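Single-letter residue listing:
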Amino acid sequence: MAKITPFWIIAVILGIAAFKQIDFENLNFKNPGMGILYLITFVFSVILIVKGKKTTKE
């Protein structure tokens, strides 16, 4: 069974929040400050998930 880390939960929540912040008609964020913060934190959590998988395989 797969182990769910807290970073998976954070990544899902932030991914949904960032998706809701995007205005697809103008291709920008509705609230630029929060959208960029959500996106940066989302990318950081995905990087930590990938690095965690690499260290557990060795």
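With respect to the helices and strands, Lys20 occurs in helix α1 (residues 6–21). In this structure the C-alpha to C-alpha distance between Lys20 and Lys30, which are ten residues apart in sequence, comes to 8.7 Å.

Moving on, we come to the UniProt feature "transmembrane region" (unreviewed entry) in the protein chain. In the numbering adopted here, UniProt assigns the feature "transmembrane region" (unreviewed entry) to residues 34–50. The span residues 34–50 shows a helical share of 100% and a strand share of 0%, and its end C-alpha atoms are spaced 24 Å apart.

Our next topic: unusual backbone geometry. Non-glycine residue Leu27 carries a positive phi angle of around 55°. Relative to the helices and strands, Leu27 resides in the loop between β1 (22–23) and β2 (28–29). For Leu27, a relative accessible area of 69% corresponds to the exposed category.

Conventions used here
- Residues numbered from 1 in each chain as written.
- Predicted model: local features only at pLDDT ≥ 70, side-chain atom pairs only at ≥ 80, totals over all residues.
- Heavy atoms only, no water.
- Helix = DSSP H or I, 4+ residues; strand = E, 2+ residues; numbered from the N terminus.
- UniProt positions renumbered as here; feature names shortened; annotations may be inferred.
- Buried < 20%, exposed > 50% of the residue type's maximum accessible area, 1.4 Å probe, protein only.

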